[in-house]
Amino acid sequence: MNIPQTSFPRVVIIGGGFAGLAVARGLEDKELQVVLLDKHNYHTFQPLLYQVATGGLEPDSIAFPLRKRFNDIENFYFRLAEVNQINAEEKEVVTSIGSLSYDYLVIATGSTTNFFGNTNIQRHTMEMKSIPQSLNIRSLILENFEEALLTSDLEERKKLMNFVIVGGGPTGVELAGALAEMKKEVLPKDYPDLDIRLMKINLIQGANCLLKGMSDQASEKAEDFLIKLGVDVWKSLRVVNYDGDTITTNGEDHFRASTVIWAAGVKGAYIGGLENECVIERAERYKVDQFNRVTNHDTVFAIGDVASMHSEKYPYGHPMMAQPAIQQGKLLAKNIVLHLKGKEMKPFVYNDKGSMATIGRNKAVVDLPKWKFQGVFAWFVWMVVHLFSLIGFRNKAVVFLNWMYNYVRFDRETRLIIRPYKEKNEYSFKSDT
């Protein structure tokens, strides 16, 4: 890897997401050598992936180069690599570009989509956990409309224009709202020779309410917003199979659809090598103590989505969201320094700052610890919080200008098929000339 030897202790951080960045920032200017490993050379602001998928934002506006964030920090090194194995006994990680020893290891690999072992669903549905996956969804949506123009088979056209989102959490709700706004304001202008009324947006939720984990007011208002936007909301319905053509549920309802987006579950993106008792099989998250230390490993830590810290308030671990990840990362940086000095580390206590979700233009729900509100003001608060959470002035400026333009013009400029998603034998495009 060409990492220089040093007398400073080496901290290896796996993952450049919210958690990994938080701990790396906290270790700046300390007498440590910090090595950050990630399979991408950029940090992704995941809460806005759905806007990339629906043409509201350019992909580079929610990504920030990891090297740029730390290019003026001494004793910091970034390597583009995928970590394949952890050898705890030798205190080294095995990656796609070689092995690297560590004194402290921080696993901040985040989460991945959970298909609950259903290989058919995994094979045929779309994920939205990364920028490339969001671009795939954007391409597929537009390709289906292009194909719908060419077919004279009404049933086939309905299938191509039927969109099913599985999962009624923030991702599913926000994506359904964005698609509904596209149907209302954008697609009729782009496809005047298509009957856009044939487009259906179905949101399927296994629980009996949307936004489970938020307040009843937020859940009910979000559902009301979606219904008014024309989304068909299906609650207490579970998808059991999808063969690429028809969705089978545990009830009598079945759906024919060419686009099914799976937002029904996540699991930790854990790395092999640690003992089996360190990982919770159901969620694939590392068991950690109150200091985020992995079970039976004094200098191996896990933070964010891949960590499960059990407590009376959080018997299944903290919610897999940005705030717990950021807070754990900040504290862990301080605890590593304390551990080096032989001092007692501080236990993690999650400060729940609230939850929020947007359903569309002037429509959002916000749950704060002491205040809950919905509607226009909630939408404004959602925008401000997300805007200031982005990394880099350019990204903040670009996103703000896009939002203002889209608000005034009722438009989504980046509805581009940059790289076709469908197989060439299904749907072909002329090459760039």
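Above this text sits the structure in question.
Bear in mind that the values here come from a model prediction, so they are computed numbers and not experimental data.

Colleague: What is the right way to read the overall build of the protein from this model?
Modeller: For the protein, the count of helices and strands is eleven helices and 25 strands. Taken over C-alpha atoms, the radius of gyration comes to 23 Å for the protein, in line with the 22 Å a tight globule of 433 residues would show. Across its three principal directions, the C-alpha atoms of the protein cover 70 × 55 × 40 Å. Counting only residues that meet the buried cut, the protein has 51% of its 433 residues in that class. In the protein, the proportion of contacts linking residues at least 24 apart, taken out of those at least 6 apart, comes to 64%. Surface exposure of the protein reaches about 20,700 Å², of which carbon and sulfur atoms provide 49%. Computing the positive centroid from 51 side-chain charges and the negative centroid from 51, the protein places the two 5 Å apart.

Colleague: What's the story with helix H1 (residues 18-26) in this structure? I'm lost.
Modeller: Owing to its 3.6 residues per turn, the α-helix aligns residues three or four sequence positions apart on the same side. Within H1, seven of the nine residues are buried, leaving the element largely enclosed by the surrounding structure. Buried within H1 we find Phe 18, Ala 19, Gly 20, Leu 21, Ala 22, Val 23 and Ala 24. The secondary structure elements touched by the buried residues of H1 are strand E1 (10-14), strand E3 (42-44), helix H3 (66-70), strand E5 (76-80), strand E9 (104-107) and helix H9 (322-340).

Colleague: Looking at this structure, how should I read the pairing of strand E12 (residues 200-204)?
Modeller: Residues in a regular strand point their side chains to alternate faces of the sheet. With four of five residues buried, E12 is to be regarded as a mostly interior element. The pairing of strand E11 (residues 162-166) with E12 spans five bridges and is parallel. Counterpart to Phe 163 in the pairing with E12 is Ile 201. Taken together, E11, helix H7 (residues 170-190) and E12 form a β-α-β motif whose crossover is right-handed. Here three bridges tie E12 to strand E13 (residues 232-234), and the two strands are oriented parallel to one another. The residue of E13 that forms the bridge with Asn 202 is Asp 232. One crossover worth recording links E12 to the parallel E13 by way of helix H8 (residues 216-228), and it is right-handed.

Colleague: Please clarify how the sheet that holds strand E15 (residues 246-249) should be interpreted in this entry.
Modeller: To summarise the sheet geometry, strands pair through backbone hydrogen bonds and adopt either a parallel or an antiparallel arrangement. The three strands are arranged E14-E15-E16 in an open sheet whose pairing can be described as antiparallel. Each edge of the open sheet is held by one strand with a lone partner, namely strand E14 (239-242) and strand E16 (254-256). Within the sheet, the average angular offset between the axes of one strand and its neighbour, ignoring direction, is 20 degrees. Bridge count for E14 against E15 is three bridges, and the pairing is antiparallel. Among the inter-strand pairings, Asn 241 is bridged to a residue of E15, identified as Thr 248.

Colleague: Can you walk me through a nonpolar patch on the surface in this structure?
Modeller: A contiguous nonpolar surface patch, about 560 Å² in accessible area, is contributed by Trp 371, Phe 377, Phe 380, Val 384 and Phe 388. Looking at which element gives the most residues to the nonpolar patch, the answer is helix H10 (residues 376-389), with four residues. Within the secondary structure layout, Phe 377 lies in helix H10. Judged by its relative accessible area of 44%, Phe 377 is partly exposed.

Colleague: Explanation requested: the packing of aromatic side chains in the structure shown.
Modeller: What characterises a pair of aromatic rings is the spacing of the ring centres plus the angle enclosed by the ring planes. Under the criterion given, the structure shown has 13 aromatic pairs. One aromatic cluster is present, formed by Phe 145, Phe 163 and Tyr 191 through successive ring pairs. The ring of Tyr 407 carries the charged tip of Arg 361 above its face, separated from the ring centre by 3.6 Å.

Colleague: Help me understand a negative patch on the surface, please; the structure alone is not making it clear to me.
Modeller: Taken together, Glu 89, Glu 90, Glu 275 and Glu 277 make up a surface patch of like negative charges. One can find Glu 277 in the loop between strand E18 (266-268) and strand E19 (279-280).

Colleague: Which parts of the structure should I look at to understand the environment of Gly 360?
Modeller: Relative to the helices and strands, Gly 360 resides in strand E23 (residues 355-360). The contacts of Gly 360, once residues within four sequence positions are left out, are Glu 181 and Trp 379.

Colleague: Honestly, the packing of H10 against helix H11 (residues 393-409) in this entry has me stumped. Any pointers?
Modeller: Describing two packed helices takes the angle between their axes plus the distance from one axis to the other. Between H10 and H11, the shortest axis-to-axis distance is 9 Å and the interhelical angle comes to 155 degrees. Considered as vectors, H10 and H11 are oriented roughly antiparallel to each other. Residues Trp 379, Trp 382, Met 383, His 386, Leu 387 and Phe 388 of H10 touch H11, and the partners they reach there are Lys 396, Val 399, Phe 400, Trp 403 and Tyr 407. Across the contact of H10 with H11, the residue classes break down as nine nonpolar, one polar and one charged.

Colleague: Is there a simple way to think about the side chain of His 386 in this case?
Modeller: Here His 386 shows up in helix H10. Within the structure, His 386 has its side chain in polar contact with the backbone oxygen of Trp 382 (distance 2.9 Å). Setting aside residues up to four positions removed in sequence, His 386 forms contacts with Phe 45, Pro 47, Leu 48, Met 356 and Trp 403.

About the criteria used
- Residues numbered from 1 in each chain as written.
- Predicted model: local features only at pLDDT ≥ 70, side-chain atom pairs only at ≥ 80, totals over all residues.
- Heavy atoms only, no water.
- Helix = DSSP H or I, 4+ residues; strand = E, 2+ residues; numbered from the N terminus.
- Rg over C-alpha atoms; globule rule 2.2 N^0.38 Å.
- Buried < 20%, exposed > 50% of the residue type's maximum accessible area, 1.4 Å probe, protein only.
- Contact = heavy atoms within 4.5 Å.
- Areas by Shrake-Rupley, 256 points an atom, 1.4 Å probe, with all protein chains shown as cover.
- Lys, Arg positive; Asp, Glu negative; His and termini not counted.
- Charge placed at Lys NZ, Arg CZ, Asp CG, Glu CD.
- Pairing = 2+ DSSP bridges.
- Right-handed = clockwise from strand over helix to strand, strands pointing away.
- Axes fitted to C-alpha atoms, helices over the stretch in contact; angles between N-to-C directions.
- Patch = residues over 30% accessible without salt bridge, like charges linked within 9 Å, V, L, I, M, F, W, Y side chains within 5 Å.
- Salt bridge = Lys/Arg side-chain N within 4 Å of Asp/Glu carboxyl O.
- Phe/Tyr/Trp six-rings, centres within 6.5 Å; stacked < 30°, edge-to-face > 60°.
- Lys NZ or Arg CZ within 6 Å of the ring centre and 35° of its normal.
- Parallel < 35°, antiparallel > 145°, perpendicular 65-115°, else oblique.
- Nonpolar A, V, L, I, M, F, W, Y, C, P; charged D, E, K, R; others polar.
- Polar contact = N/O pair within 3.5 Å; in protein donor to acceptor, adjacent residues only side chain to side chain.

That is the geometry; function is a separate question.
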